Amino acid sequence: MSLSSFETLPRIADIRRKIRAGEYTGHTAGMAPGYVQGNVVILPADAAHDFFVYCQRNPKPCPLIAVSEPGNPTLPTLGPDIDIRTDVPRYRVFRRGELVDEPTDILDLWRGDLVTFVLGCSFSFEEALLEAGIPLRHIEQGTNVAMYRTNIDTYPAGPFRGKLVVSMRPMRPADAIRAVQITSRFPFAHGAPVHLGIPSMIGIENLSIPDWGDPVEIHQDELPVFWACGVTSQVAIEHARPELCITHKPGSMLITDVPNAQLTIL
């Protein structure tokens, strides 16, 4: 880890303290440059094995970067002070596949059989795109990235199944080519795009109405570029209908102490 990384860690810890205290409950795009952010899925132990296999079979949308012990709210490989019960800006609580709440902590829901999965997030490669001079409109506008449900099936595992979810960033064609090259080095953050261009080819009819996140304008000299997205796991949960599942709210990620470079293929 570089000296600059050590200098940044206190700021990362301060962000997590504000989230833990409920002082920040929004999206985390651009909040922790240089550090891995993660999608969160928390399941009872009796559903955890099938979900683990689902992630292994679908590594583009669900790249596993950490799994907890049952009942243990810490994730020491991602940060020594992380408490998954409080350190996500906003959670989503599903019961039998139905969304029932979006709390800012899950202290009252925690129990001894819960297993936490953390999946890589596309926010990790966005810094590399920005450093290469590729603009990202949702960051420029301070909004959440646009996410869409596609017509592409994922590989099932037990009750977990469903369509692939993608995130979209508009780019000029030359930038899109460079983006493919850059993001290919981030397999634990969804890797290279899964589709470029015509949205209807993957079942998206209207880019101005995302299923999650915020719409962004696409200029005449740009094309939409689509990456696999960790919200795919939430679609699988809707199909599996476990008696309880807790996730992050799309865009409101877990910020870790792990440098992006640690998960990059050079």
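Everything below is about the structure shown above.
Quick summary incoming for the structure in this document. Only a predicted model underlies this, so the values are computations on that prediction, with no experimental measurement involved.

Rules used in this analysis
Numbering of residues begins from 1 in every chain and follows the order in which that chain's sequence is written. With pLDDT at 70 or above as the cut-off, local features in this predicted model cover only qualifying residues; side-chain atom pairs require 80 or more to be listed or tallied, and sums for whole chains, interfaces and linings still use all residues. Water and hydrogen atoms play no part in the side-chain values, which are based on all heavy atoms of the structure. By the convention used here, strands pair only if DSSP detects at least 2 bridges between them. Helical segments are the DSSP runs of H or I of at least four residues, strand segments are the runs of E of at least two, and each set is numbered from the N terminus. Salt-bridge detection follows one rule: a side-chain nitrogen of Lys or Arg within 4 Å of a carboxyl oxygen of Asp or Glu. Buried Ala, Val, Leu, Ile, Met, Phe, Trp, Tyr and Cys residues form a nonpolar core when they are joined through side-chain atoms within 4.5 Å. Note on classification: 1.4 Å probe, protein chains only; a residue is buried when its accessible area is under 20% of the maximum for its type, exposed when over 50%, partly exposed between these limits. When checking whether two residues touch, look at their non-hydrogen atoms; a contact exists if any pair is within 4.5 Å. Fitted lines through C-alpha atoms give the axes, limited to the stretch in contact for helices. The angle between two N-to-C directions lies from 0 to 180 degrees. Here the word oblique covers every angle except those under 35 degrees (roughly parallel), over 145 (roughly antiparallel) and from 65 to 115 (roughly perpendicular). With the far helix as reference, a near helix turned anticlockwise by less than a right angle produces a left-handed crossing, and one turned clockwise produces a right-handed crossing. Residues are grouped as follows: Ala, Val, Leu, Ile, Met, Phe, Trp, Tyr, Cys and Pro are nonpolar; Asp, Glu, Lys and Arg are charged; every other residue, Gly included, is polar.

1. Points about the sheet that holds strand 7 (residues 163-171)
Working step 1: Sheet architecture is open: four strands sit in the order 6-7-9-8, paired in antiparallel fashion. Single-partner strands in this sheet number two, and they are strand 6 (146-153) and strand 8 (195-196).
Working step 2: Sheet topology note: the strand 8/strand 9 (residues 223-228) ladder contains two bridges and is antiparallel. Residue pairing for strand 9: H195 is matched across the bridge by F226.

2. Digging into the pattern of salt bridges
Side-chain pairs of opposite charge can arise where the charged atoms are in close proximity.
Working step 1: Using the criterion set out here, one finds 18 salt bridges in the structure.
Working step 2: Put simply, R16 and D257 hold a salt bridge, and the shortest N to O gap is 3.0 Å. In this pair, R16 is assigned in helix 1 (residues 3-20) and D257 in strand 11 (residues 254-259), connecting sequence segments 241 residues apart.
Working step 3: For K163, the salt bridge is made with D153, and the minimal N-O distance between the two is 2.7 Å. Here the residue K163 occupies a position in strand 7, and D153 occupies one in strand 6, the gap between them amounting to 10 residues.
Working step 4: The structure contains a network of salt bridges with shared partners spanning R16, R20, D81, D87 and D257.

3. Regarding the nonpolar core
Working step 1: Core analysis: the biggest nonpolar cluster contains 21 residues, and I42, L75, L78, I84, I246 and L254 have the highest contact counts within it.
Working step 2: Counting only elements with at least two residues in this core, the list comes to strand 1 (35-44), strand 2 (64-67), strand 3 (91-95), strand 5 (114-120) and strand 11.
Working step 3: For this core, the element with the highest residue contribution is strand 1, accounting for three residues.
Working step 4: Here L75 is in contact with A66, S68, I82, I84, T116, V118 and L254, once residues within four sequence places are set aside.
Working step 5: By size, the runner-up hydrophobic cluster in this structure holds 19 residues, among which are V53, Y54, C55 and V115.

4. A few points about the packing of helix 3 (residues 123-131) against helix 5 (residues 173-183)
Working step 1: The interhelical angle for the contact between helix 3 and helix 5, taken along N-to-C directions, is 130°, at an axis separation of 10 Å. When the interaxial angle is binned, helix 3 and helix 5 end up oblique. The chirality of how helix 3 crosses helix 5 is right-handed. Taking contact as the criterion, the partners of F125, A128 and L129 in helix 3 are, on helix 5, A179, I182 and T183.
Working step 2: The class makeup of the residues in the contact of helix 3 with helix 5 is five nonpolar, one polar and no charged.

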